[in-house]
Amino acid sequence: MLPQVVMIQIPYYPGCTLKNKASNFETSALAAARALGLELVELPRWNCCGAVFSLSSDDLMRHIAPTNIFLRVQEMNRDHLVEDEYRLVTFCAMCFNVLRRTNQRLRESLEDRNKINDFSYLETETYQGRVEIVHLLELLRSMGWDKIQERVQKPLTGLKVAPYYGCMLLRPKDVGIDDPERPTILEELLRSLGAEPVDFPLKLRCCGSYQTVPNKDLVADLAYDILSRAQKAGAEAITTSCPLCAFNLDFRQKEIQQKYPMFLPIPVFYFSQLMAIAFGLPQEVFGLAGHYANPKTLLATKGYLQATSPLEGG
Amino acid sequence: MNELEKDMLPQAVMITIYVLSRQYHVPAGSTILTALEYAGFKLKKGVGCREGFCGACASLYRLQGDYKLHGGLGCATVVQPEMQIVQLPYTPAPKAIYHLEELEPVPEVFTQLYPELYRCLSCNTCTKICPQDLQVMDYIQAAVRGDLEQAADLSFDCIQCGLCSARCPAEITQFNVALLARRLVGKYLAKKGKYVEDRIKEVEASKFTAGYQELQDLSPEDLKKRYFERELNNLIY
Amino acid sequence: MVRKIKLQAKNREFTRKISELSGEVAMLCEQCGTCAGSCPMLAEMDITPSQMMRLVQLGQEAVLENKTFWVCASCYTCTVRCPRGIDPAKIAEALRQVKLRQAIDYIRIDEIEPEEAKKLPAIALVAAFRKMTG
């Protein structure tokens, strides 16, 4: 018997990539959140956050996109789509970083806020810094890992997963959701799901990020380092919260295989896929079809997929 | 200018406007196009249907005491005192070459054919200038996340005047991206209407040939008369 | 390599410009090399991040012709590790901005292979275009 859950409604920002290339990550994340009583309500209208935070002091133009998104949260409250809920949840580590950092800047600078509000004169609201950006992992931590554990129906016992943090969840320090040098949040999630976290030296090392556009060979090399070090440490799979890391680590395995013929593919999971599996949710929400390195064989060997039903995920 | 208009002119209240920074006195209540003609401009380009449909007469203007740059259609925007006007009938725009039959209605069409789309800053400048009051930034953002149907839906009333593209700091060609979205939705995703297929059959069976011939044989005067007498309310779109 | 440099007003001007754009005081850098030692992209760079900092301190505009700040992936490892509390990632962004604001792009969008463009997620394109095109 599962514990009764009271549903909480919180505004949710998907970001572009979770809506197309990585829609399988969104499906699993929304389903896993729902299983924990979190009804994530997508903003009715939204734009791309910009993916990278503009670092120069005078470039306000590039902070308009995130500000638009904050205004949508205000509108959701105004229109009673949520009740007095100014937290905005994201799963994508890059969106999270841009949104939280922009919010910080706007909270600190009345001048910047005024300039952007003035520029966006077609908007019906102005932004005063009320929105709070929250990563789903932070929400899980605040619920308590024991609560996550209680929800697990099929513990991922014996599954050796290397948590890969990358950059945007942790850095800079005042933006990150955990200690920038010694994070534990993904390990704790994995442990509550019954899996075995595998520590490896490159878990905080950048995968090359957007350099994947002009220089895929470079990113293949970086990804090869990360993946092979994880494998050496005993990992059977990798998990991450960033769709760009997931793309670089998973889809660049094609280039890795060309360069390093001895390399054996290793599945890369979005953290929410592992949650969905451990929670015993229907196989359709696992979203296993959108991968390069096939995760199904590993999952089937471990007995997490039912052999009778088709293996294709959502 | 018809007789009625000519009769009215002497009594009309005159206002001052500026075209290409030169001062002109034109009748209040004129549209930008009629004001330009009154001022002596011969419009050969930058004018089309005069009904707000063709998008040929895009104009930029500023009003007195207002820093904002406005966009409007010359045929549908009424001049105001001290208005500064320039026509911008065309914006140079890259247009991807594709065969609709060879494309699929998938998000990747945008990354392939219009990769510069991903330079969008979401600054909303396009929406501010749009003379059709479209949510231009929203349809571009729908395209960015691969939502073809929303991109097509939000851009449905686009008349390709080009002002969005002229103003865009990311140098995107919004209207061509939207055209691609609408074409793909029209061809692959939208529900097929049986009446369209029926009408195409009727056209192919020459049902309307005689009617067209009749119109073509009319004198310009008779044709005008027929045009203005048509029963708008009975038209089926 | 030892190079003799005579500092002139225009050098100070360049240092000031980069400091203003980045909001960081490049002069605080004491050349410990932590940023270089932490940088995951080092192998791909022509000068180390720490050398980049030094050239900015000395107002050497020639740093703009280096590749280092374009190869930077904005991973903020140097940001969290700099013992002087400087953010070299912001200095790199300022150098990119100097170029981009002169309409000098680092990548050409029309040179991306259509097959590759088909594979790349929106997040990669948006991020790369923001960092490498102006």
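Here, residues in each chain are numbered from 1, in the same order as that chain's written sequence. As a convention, the first chain written is A and the first ligand written is 1, with the rest following in written order. Local features in this predicted model are restricted to residues whose pLDDT is 70 or higher, and side-chain atom pairs enter the listing and the counts only when it is 80 or higher, whereas totals over whole chains, interfaces and linings include all residues. Side-chain metrics in this entry use all non-hydrogen atoms of the structure; hydrogen atoms and water are not considered.

1. Concerning the confidence of the model for chain B
Using the following cut-off: One number per residue, pLDDT, summarises how confident the predictor is, and it ranges from 0 to 100. Working definition: helices are DSSP H or I runs of at least four residues, strands are E runs of at least two. Numbering for both runs from the N terminus.
Across chain B, the average pLDDT comes to 93, with 95% of residues at or above 70. The secondary-structure element of chain B with the lowest mean pLDDT is helix α1 (residues 3-8) of chain B, recorded at 69, while helix α5 (residues 136-144) of chain B shows the highest, at 98.

2. Some details on the domain arrangement of chain C
All names here are of chain C. Stated formally: Start and end points for every domain follow an automatic or database-based domain assignment. By the convention used here, residues are in contact when the closest approach between their heavy atoms is within 4.5 Å. We define buried area as the total accessible area lost by two parts upon association, computed with a 1.4 Å probe and summed across both. By salt bridge we mean one thing: a side-chain nitrogen of Lys or Arg within 4 Å of a carboxyl oxygen of Asp or Glu. Think of a polar contact as two N or O atoms within 3.5 Å of one another; within protein, one of them needs to be a possible hydrogen donor and the other a possible acceptor, and neighboring residues in sequence only count if both atoms come from side chains. In this count, Pro and Cys sit with the nonpolar residues alongside Ala, Val, Leu, Ile, Met, Phe, Trp and Tyr, while Asp, Glu, Lys and Arg are called charged and the others, Gly among them, polar.
Along its sequence, chain C is organised into domain 1 (9-102) and domain 2 (107-134). For domain 1 versus domain 2, the distance between C-alpha centres works out to 24 Å. Taken together, the contact between domain 1 and domain 2 spans 5 residues of the former and 5 residues of the latter. Between domain 1 and domain 2 lies a buried interface of about 410 Å² when both sides are counted; carbon and sulfur atoms form 51% of it. Inspection of the region where domain 1 meets domain 2 yields 1 salt bridge. Across the pair Lys131 and Glu93 runs a salt bridge whose closest N-O atoms are separated by 2.7 Å. Put simply, domain 1 and domain 2 have 2 residue pairs in polar contact (both at pLDDT 80 or more) between them. Broken down by element, the side of domain 1 that touches domain 2 gets its largest block of residues, 3 residues, from helix α6 (residues 88-100). By residue class, the composition of the side of domain 1 that touches domain 2 is 2 nonpolar, 1 polar and 2 charged.

3. Concerning helix α2 (residues 64-78) of chain A
Residues and elements named next belong to chain A. Note the threshold: Every helix has an expected span of 1.5 Å times one less than the residues it contains. Burial classes: relative accessible area under 20% of the type maximum marks a residue as buried, over 50% as exposed, and values in between as partly exposed (1.4 Å probe, protein chains only).
The end-to-end C-alpha distance of α2 is 21 Å, a good match for the 21 Å that 15 residues give at a rise of 1.5 Å each. A large share of α2 lies buried, amounting to 14 of its 15 residues. Phi turns positive, to about 60 degrees, at His80, one or two residues after α2.

4. Description of the interface of chain A and chain C
Facing the 47 residues of chain A at the interface are 42 residues of chain C. Three residues stand out in chain A for area buried against chain C, namely Leu55(A), Tyr210(A) and Val213(A), and they jointly supply 20% of the buried area on that side. Viewed at the interface, chain C and chain A are joined by 4 salt bridges. Of the charged contacts in the structure, one is a salt bridge between Glu116(C) and Lys216(A), with a shortest N-O distance of 3.2 Å. Across the contact surface, chain A and chain C share 18 residue pairs in polar contact (both at pLDDT 80 or more). Where the side of chain A that touches chain C is concerned, the elements lending two or more residues are α3 (93-108), α8 (216-232), α9 (243-251) and α10 (253-259) of chain A. Here the side of chain A that touches chain C is composed, by residue class, of 23 nonpolar, 11 polar and 13 charged.

5. Side note on the pairing of strand β5 (residues 160-163) of chain A
Residues and elements named next belong to chain A. Worth spelling out the cut-off: Any two strands with at least two DSSP-identified bridges between them are counted as paired. When the strands point away from the viewer and the path from the first strand over the helix to the second turns clockwise, the crossover is right-handed.
Where β5 lies against strand β6 (residues 196-197), 2 bridges are found, and the strand directions are parallel. Residue pairing in the sheet places Val161 in a bridge with Pro197 of β6. Handedness of the crossover is the feature at issue here: the chain leaves β5, passes through helix α7 (residues 185-192), returns alongside β6, and the resulting connection is right-handed. Bridge analysis of β5 against strand β7 (residues 237-240) gives 3 bridges, and the strand direction is parallel. Its bridge partner being in β7, Val161 is matched across the sheet by Ala237.

6. Considerations on α7(A)
Residue and element names in this part refer to chain A. Most of α7 is tucked away, with 6 of its 8 residues classed as buried. Turning to α7, its buried residues number three or more, namely Ile185, Leu186, Glu187, Leu189, Leu190 and Ser192. Looking at the packing, one finds that the buried side of α7 touches α5 (136-143), α6 (145-151), β5, β6, β7 and α11 (271-278). Among the residues trailing α7, Gly194 stands out with phi positive, at a value near 90 degrees.

7. Re the domain arrangement of chain B
Residues and elements named next belong to chain B. In terms of domain boundaries, chain B breaks down into domain 1 (3-87), domain 2 (100-189) and domain 3 (201-234). For domain 1 versus domain 2, the distance between C-alpha centres works out to 29 Å. Counting from both sides, the interface comprises 12 residues of domain 1 and, opposite them, 8 residues of domain 2. Along the contact surface separating domain 1 from domain 2 lie 0 residue pairs in polar contact (both at pLDDT 80 or more).

8. Some thoughts on the side chain of Arg151(A)
Residues and elements named next belong to chain A. How we decide: When charges are counted, Lys and Arg are positive and Asp and Glu negative, with His and the chain ends excluded.
Relative to the assigned elements, Arg151 resides in helix α6. Of the side chains bearing the opposite charge, Glu150 lies closest to the buried Arg151, which forms no salt bridge; the N-O distance is 9.3 Å. Engagement of the side chain of Arg151 in a polar contact is seen with the backbone oxygen of Ala35, the distance being 3.3 Å.

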